[in-house]
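Chain by chain, the residues run as shown.
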Amino acid sequence: MTAKNSAKYKRKNLKPMLKPKSVAIIGASRDPSKVGHVILQNYINSGYEGKIYPVNKSGEDILDIKTYKNIGDIKKKVDLAIIAIPAQFVPQVLEECGKAGARTAVVVSGGFAEIGNVDLQKQMADVAEKYGMPTLGPNCLGVMDSRSRSDTLFLPTYKLSKPQIGGVSFVAQSGAVGSTILDLIVGEGFGMSKFFSYGNAAHVDEVDILDYLMHDKETRVIVMYVEGINRGKEFLRIAKEAGKKKPIVILKAGLTAAGQQAAHSHTAALAGNYQTHEAVFRQAGFTIAHDIKDLLYYAKIFASEPEPNGPRVAILTNGGGAGVLTTDAIASTRDLRLAEFGKETTAALKKTMPALVNIRNPLDLAGDADDKRYGDALAALQADQNIDMLIVITLFQTPGADSRVASKLIEYKDKSAKPMINISIGSSYTMMHKIMMESAGLPVYDSPAAAAAALSELLRFYKFKSRK
Amino acid sequence: MMKTNLLDYMKARDLLSKYGLSSIESAYVESAKEAINFSKGKKIVLKVLSDKALHKSKAGLVKADLSGEKEIRDAYEYLEKKARPLQPCKIIAQRMSKGGIEIIIGSNTDPEFGKTVLIGLGGIYVEAFKDVAIRIAPITKYDATDMLQQLRSSSVITSAGARAPMIESILMKVSRMVNDHPEISELDLNPVIITEEGYDIVDIRVLE
């Protein structure tokens, strides 16, 4: 990076957007079908503890809350102005927000560059810049913070429950993909810290958000969905810094997009837009996801698992086939390999396991394995210095596997200094145990390939982090 | 997109050598006689260089493994004919590489991120397998190592022990070169032949 580029870079303070002590909702409405109404209602229902100022040009109170005609009439500090009004009025209203001293803004309204109104969007961004007022959007869902309970999303709550509080923050350019992810993580054991849907990125973009989240103490893992990147060089610089601090999982759309330039060389023909983005992510140490489900698979391993000491994996299973499939999955990664049990482990297992159990990796405990057998095996494997990571397969369809087995796994997970994950494949009875184990911090995978890929990425991240 | 200009082969070769990148001995030849003199009894390759031909082998513009006056003369005359519609063009004579694994090393300019560095399995496999690793220049030693490891063909390319550090060093030098020369918009070293003794840069395309 040239010094010139870095000098131009100005960090935007997004804290008042996520942790506002006061919010003004401009375009708040009495009409329940209006976005401005839904947002206001959500602030009232969510348990948000700051001040709420509805703003509506009629000035009539909404939902029994004092309503203002103009943000300038509030005469109190506004940390976050949420703007949900028709696009053509946005620059003017944002100007009023700036004059009133609002610290940040979220413009949820659509009708800007996405339909060709590039000039209107530029006007909006210029106002934001003039007042040094970080402004998210337009054409976005906005932000959600599970701790401050500030939430500008206007999704019907009956369709979408809120995820629990945790350490994973999500960033999605697209509101639709964003809300899909939000819905999916409700079914996962890890919790969410923050959520950003930043839409057209007229002012605050992925660079600002990444810069904010890498310094955010509540965020342990960053998960991103991007369609394009606005400021390539700044992104690369911030990404390299962020990638050393925290695990970052990214899904980039546009693998098959047509090349943007005519190539005169083989290199240019091979280094397309997507490939170059992928290069940037790799160089910054990001985990590259290829599917929406990958985002969750990687998010959960980073959310709960410690640094592995090495690449050696032990597999514990109550089904021979699943053990073999997992062995294959381990072998198809570049870096993981099967551990060889130490002598003491083998001796200990010979004492505790029934004769039908073959003492080798993968360790097949057989279909009648109960909580005691799992516990004895886990005790031996956890103590073995030749094992760096553990995959415990529990096929809940077998006679021996029930909630006691899940409890035993949780007990050993709590004691484990090594990464330890679970594979459980099945429907409702399995799902019940998945939730039980994940809520206790044991990540559960529904496929051997996903489990192996997750461990491989965990290993890769810590290797990258400790590189010279 | 600006109009690009293909840098003269010998100038490109000089530029590479400034960065410690040695490419195979080459000279322009304007007659069969000059080509025969260049060969000094050793095997040579004759190629037509033209802005109008990116795929030289496919277009039949390369004659390899030539030795002896007659073979060289026939090849020269054949290429001279082929070259006529491709004016302006030149014929270049090169020492024949002893052969080995062919890789591609290159660079281009991304509109968002700037200069890139690329490595991949090269020669005729480039487009078939698209087994390439890309990074944004300037790259670090770690990036260079990581690029090699990222390739599916990594073990094939580096199979002879000390090759990995050598290839990494080529990548670092290319990164430095394109970073120092903003006017280089695209670069192909394709193929770079990894031999038992070292490497031969056999073809160079520098686009400005």
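Residues numbered from 1 in each chain as written. Chains lettered and ligands numbered in written order. Predicted model: local features only at pLDDT ≥ 70, side-chain atom pairs only at ≥ 80, totals over all residues. Heavy atoms only, no water.

1. Thoughts on the overall build of chain A
Within chain A, the regular secondary structure consists of 17 helices and 17 strands. Each principal axis of the C-alpha distribution contributes one length, and for chain A these read about 80 × 60 × 35 Å. By residue count, 59% of the 468 residues in chain A fall in the buried class. In chain A, the proportion of contacts linking residues at least 24 apart, taken out of those at least 6 apart, comes to 75%. When the accessible surface of chain A is split by element, carbon and sulfur atoms take 52% of a total near 19200 Å². The positive charge centre, built from 59 side chains, and the negative charge centre, built from 48, are 6 Å apart in chain A. (Helix = DSSP H or I, 4+ residues; strand = E, 2+ residues; numbered from the N terminus. Buried < 20%, exposed > 50% of the residue type's maximum accessible area, 1.4 Å probe, protein only. Contact = heavy atoms within 4.5 Å. Areas by Shrake-Rupley, 256 points an atom, 1.4 Å probe, with all protein chains shown as cover. Lys, Arg positive; Asp, Glu negative; His and termini not counted. Charge placed at Lys NZ, Arg CZ, Asp CG, Glu CD.)

2. Points about the pattern of salt bridges
Applying the stated criterion across every chain, the model contains 36 salt bridges over all chains. The partner of arginine 404 of chain A in a salt bridge is aspartate 402 of chain A, with the nearest N and O atoms 2.7 Å apart. The salt bridge involving aspartate 65 of chain B is made with lysine 43 of chain B; its shortest N-O contact spans 3.1 Å. Here lysine 43 of chain B lies in the loop between α2 (32-39) and β2 (44-50) and aspartate 65 of chain B lies in strand β3 (residues 62-66), a separation of 22 residues in the sequence. (Salt bridge = Lys/Arg side-chain N within 4 Å of Asp/Glu carboxyl O.)

3. Thoughts on the packing of aromatic side chains
Residues and elements named next belong to chain A. According to the stated counting rule, one finds 11 aromatic pairs over all chains in the structure shown. Aromatic ring contacts, followed pair by pair, group Phe235, Phe281 and Phe286 into a single cluster. Across from the ring centre of tyrosine 9, 4.9 Å away, lies the NZ or CZ of arginine 237, which sits over that ring. Lying across the ring of tyrosine 412, lysine 415 places its NZ or CZ 4.1 Å from the centre. (Phe/Tyr/Trp six-rings, centres within 6.5 Å; stacked < 30°, edge-to-face > 60°. Lys NZ or Arg CZ within 6 Å of the ring centre and 35° of its normal.)

4. Brief notes about the nonpolar core
Residue and element names in this part refer to chain A. In terms of nonpolar packing, the biggest core is built from 52 residues, with Leu136, Phe196, Leu210 and Phe235 touching the most fellow members. The element that contributes the greatest number of residues to this core is helix α7 (residues 206-215), accounting for 6 residues. When near neighbours in sequence (up to four residues on either side) are disregarded, leucine 136 contacts Met17, Ala105, Val106, Val107, Gly142, Val143, Phe196, Ser197, Tyr198, Val204 and Ile209. Formed by 51 residues, the second largest nonpolar core is a distinct cluster that contains Val177, Ala299, Ile391 and Ala451. (Core = buried A, V, L, I, M, F, W, Y, C linked by side-chain atoms within 4.5 Å.)

5. Thoughts on the sheet that holds strand β4 (residues 89-95) of chain B
All names here are of chain B. In space, the 4 strands of this open sheet follow the order β1-β4-β2-β3, with antiparallel pairing throughout. Each having just a single partner strand, β1 (26-28) and β3 make up the two edges of the open sheet. For this sheet, the mean inter-axis angle between neighbouring strands, taken without regard to orientation, is 20°. Relative to β3, β2 runs antiparallel, the two sharing 3 bridges. Along β3, the bridge assignment pairs leucine 46 with lysine 63. Running at roughly 150° to β1, helix α1 (residues 9-18) makes contact with β1, β2 and β4 of the sheet. (Pairing = 2+ DSSP bridges. Axes fitted to C-alpha atoms, helices over the stretch in contact; angles between N-to-C directions.)

6. Side note on the confidence of the model for chain B
A residue-level look at chain B finds 97% of positions with pLDDT of 70 or above and a mean pLDDT of 91. With a pTM of 0.92, the predicted complex shows an ipTM of 0.87. (pLDDT = per-residue confidence, 0-100.)

7. A word on helix α12 (residues 320-331) of chain A
An ideal rise of 1.5 Å per residue puts 16 Å on 12 residues; α12 of chain A measures up with 17 Å between its terminal C-alpha atoms. Considering only its buried residues, α12 of chain A is in contact with β12 (312-317), β13 (337-338), β15 (389-393), β16 (420-423) and α17 (448-465) of chain A. (Expected span 1.5 Å × (residues − 1).)

8. Topic: the interface of chain B and chain A
The partner chain A presents 27 residues to the 37 residues of chain B that form the contact. Roughly 2800 Å² of surface becomes buried between chain B and chain A when both sides are summed, with 57% attributable to carbon and sulfur atoms. For the chain B face of the interface with chain A, the top three residues by lost area are Glu112, Phe113 and Tyr142 of chain B, together amounting to 25%. Listed by contribution, the elements that provide at least two residues to the side of chain B that touches chain A are β5 (101-107), β6 (109-110), β7 (114-121), α4 (126-129), β8 (132-136), α5 (141-150), β9 (186-194) and β11 (204-207) of chain B. (Buried area = accessible area lost by both parts, 1.4 Å probe.)

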